[in-house]
Amino acid sequence: MLLGVVRRLASVVILLFGVLAVVFILGQRAPGNPGRQLLGLNAPQDAVDALNHKLGVDRSLWTQFWSYIGNILHGDLGRSYSSSEPVNGLIWDRFDATAWLLVAGLALSLILSITLATLAARYRGTWIDTTIRLFTVTSIAVPTFWSGLLLVLLVALPTGWFPVGGFGTTTADHFRSIVLPAVTLAIATAPIQVRVLRANLLESLGSGYVEAAASRGVPRRRLLTRHALPNAAVPAIAVVSIQAGYLLFGAVIVENTFRLPGLGSGLVTAITQRDYPMINGITLLFAVLVISFSLIGDALSAIVDPRVRVS
Amino acid sequence: MSDMTANLSTGEVVASTRTPASRLGYRIGLAIVGVAVVLAVVGPFVVAHDPYQQELMNRLAPPSGEHWLGTDALGRDVFSRLVVATRVDLGVGILGALLPFLLGTILGCVAAYFGSIWDVIVMRLTDLVLAFPVYILIITLIAVGGSGIKTLLIAFTGVGWVGYARLVRSVVLRVKNEDYISAARLGGVSHGRIMVRHLLPNVIRSSLTLLVTDVMFVLLGLASFSYLGLGIQPPTPDWGAMIADAQPYMQQQWWLIAAPGAMVALVGSGLMLIGERLDDRTY
């Protein structure tokens, strides 16, 4: 088991290195030079050259790559081209809104998908199952930003309970501001979870140990919640951790729709402003988040299911 | 032979899931996608207004007999833009799914058929792409390549071929040692012809299922990136950008965001319903 853990961590390190290399190479392919970006179009050429020298971007690519890796290992992501502030601080300012959104969205999505999948499996083949199935098939095709805007039109504006956008300043504000974005994110991610969880529930319900429990007279509800659900959990955890990238992309869209000052809206702004240090920083953080998701997923599966630990 | 019975038995399971509801869903899906394709092909020739023509005196007009869905913030006819966008979005959606389909099928087939080093290279490449956070990769590519259709197509192809390659490889690995392949080989049939005529027909059905749902995912991705301002650039009409443009006025002109979003959702659901029916798996 220890060998497995070591192997997994080694592959994570290699993957992170790969992400860094790709981000670096893509940054090199970008048009324009940093000194010009920072000083503006009217700055004299020798000032631009001096700044480029100070930033070290006139050195060979190879040296630049290693100093880039070194800086990141020291936790230094450079300075933003558009505001000249350190990227670390800018990212930290935007971290809160994204963290709120991801946690609330994921929690809601799990509640929604476990409920729907259990209902569909319990009433397999009835109109309940058909309706849930139809919902999962068609709602995958609904654009995330559109369902968000519909929630604003149909819920936020008529009732006035929730703000149309923004994140507010107090914790109470944050709670009110995050409800609709989290619901939107949950609607975007739940359908795939429902499909996988339902299929796994049906598979466990059809297996020998559930039949044996049924023949001992265990009530149907208990069969579902105590016998089938835990066994369906492992593949469901795998799906959620695979979905992590999709979840983050959903967060990027939702933050833009609801004007949340998070990392996703920061990324889109940085791309339109061609602010490469900021793009690199956020991309890197997203990659780390996705990879941690899959690590946490693996660890959870090992905790829930002893068989995973052996392999 | 064991494969045959397995296929037969899954065939029976498939038959049992073909309820009237799923058949109805399939027909609805076909109808929606059919209408969308017709709109994409003939729409731009029959719309009453030029989708690029601005009437600045007639901005944000409500729906009327003249402008069925009113006009947008630049006074352009929204209905015409909606119809012309069908060609743009569906076209890019289909192309963005076909390119990875072709690349993945070729790579998967070659990897499995020739084996050894080919297989290792292709499989390691798929591992690499799968390990990468896909959408983040696409966003990075857009950040560098600039927004636009070309970058999006490159990004979708670079990421999407993996599914087809794995699928085709698994099927080809299963059937490449069958007697009829050896017989064809002994009969002097070339490797290329064996792959195209004898191996690929085995996998076409599952590949098509993936292709149909992929068109939906590309369509959705395209709309999302365009909404963020990173996809199709103005003034080309596109559903995602139309919604982004209309967002500031949504409180009064709600139809400006309702109509394009409904088009994405409808066409996407239609594709999903078709894909669901093609899908052999029972869940």
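Residues numbered from 1 in each chain as written. Chains lettered and ligands numbered in written order. Predicted model: local features only at pLDDT ≥ 70, side-chain atom pairs only at ≥ 80, totals over all residues. Heavy atoms only, no water.

1. Focus on the overall build of chain A
Part 1: Of the regular secondary structure elements, chain A holds 14 helices and 0 strands.
Part 2: Going from N to C terminus, chain A has its helices and strands arranged as α-α-α-α-α-α-α-α-α-α-α-α-α-α.
Part 3: A burial count over chain A gives 45% of its 311 residues as buried.
Part 4: By sequence separation, contacts in chain A at least 24 residues apart represent 69% of the contacts at least 6 residues apart.
Part 5: Entry remark: accessible area of chain A is about 15,600 Å², with carbon and sulfur atoms responsible for 67%.
Part 6: One way to put it: in chain A the 23 positive side-chain charges average out to a point 14 Å from where the 15 negative ones average out. (Helix = DSSP H or I, 4+ residues; strand = E, 2+ residues; numbered from the N terminus. Buried < 20%, exposed > 50% of the residue type's maximum accessible area, 1.4 Å probe, protein only. Contact = heavy atoms within 4.5 Å. Areas by Shrake-Rupley, 256 points an atom, 1.4 Å probe, with all protein chains shown as cover. Lys, Arg positive; Asp, Glu negative; His and termini not counted. Charge placed at Lys NZ, Arg CZ, Asp CG, Glu CD.)

2. Let's talk about the interface of chain A and chain B
Part 1: Contacts between chain A and chain B engage 45 residues on the former and 41 residues on the latter.
Part 2: Here chain A and chain B share an interface that buries about 3,900 Å² over both sides, 80% of which is from carbon and sulfur atoms.
Part 3: When the buried surface of chain A facing chain B is broken down by residue, Phe145(A), Trp146(A) and Phe249(A) rank first, second and third, together holding 16% of it.
Part 4: Applying the counting rule to chain A against chain B returns 0 salt bridges.
Part 5: Between chain A and chain B we count 4 residue pairs in polar contact (both at pLDDT 80 or more) in total.
Part 6: Of all the secondary-structure elements, those providing two or more residues to the side of chain A that touches chain B are helix H1 (2-29), helix H6 (127-139), helix H7 (144-159), helix H8 (171-205), helix H11 (244-257), helix H12 (263-273) and helix H13 (276-304) of chain A. (Buried area = accessible area lost by both parts, 1.4 Å probe. Salt bridge = Lys/Arg side-chain N within 4 Å of Asp/Glu carboxyl O. Polar contact = N/O pair within 3.5 Å; in protein donor to acceptor, adjacent residues only side chain to side chain.)

3. Examining the pattern of salt bridges
Part 1: Under the defined criterion, the tally for this structure stands at 2 salt bridges over all chains.
Part 2: Here Asp129(A) and Arg198(A) are joined by a salt bridge, their closest N and O atoms 2.9 Å apart. Here Asp129(A) is found in helix H6, whereas its partner Arg198(A) is found in helix H8, with 69 residues between them in sequence. The burial state of Asp129(A) is the same as that of Arg198(A); both residues are buried.
Part 3: Asp119(B) is paired through a salt bridge with Arg169(B); the nearest N and O atoms lie 2.7 Å apart. With Asp119(B) in helix H4 (residues 116-131) and Arg169(B) in helix H6 (residues 149-175), this pair connects stretches of sequence that are 50 residues apart.

Function cannot be inferred from these measures alone, as they are strictly geometric.
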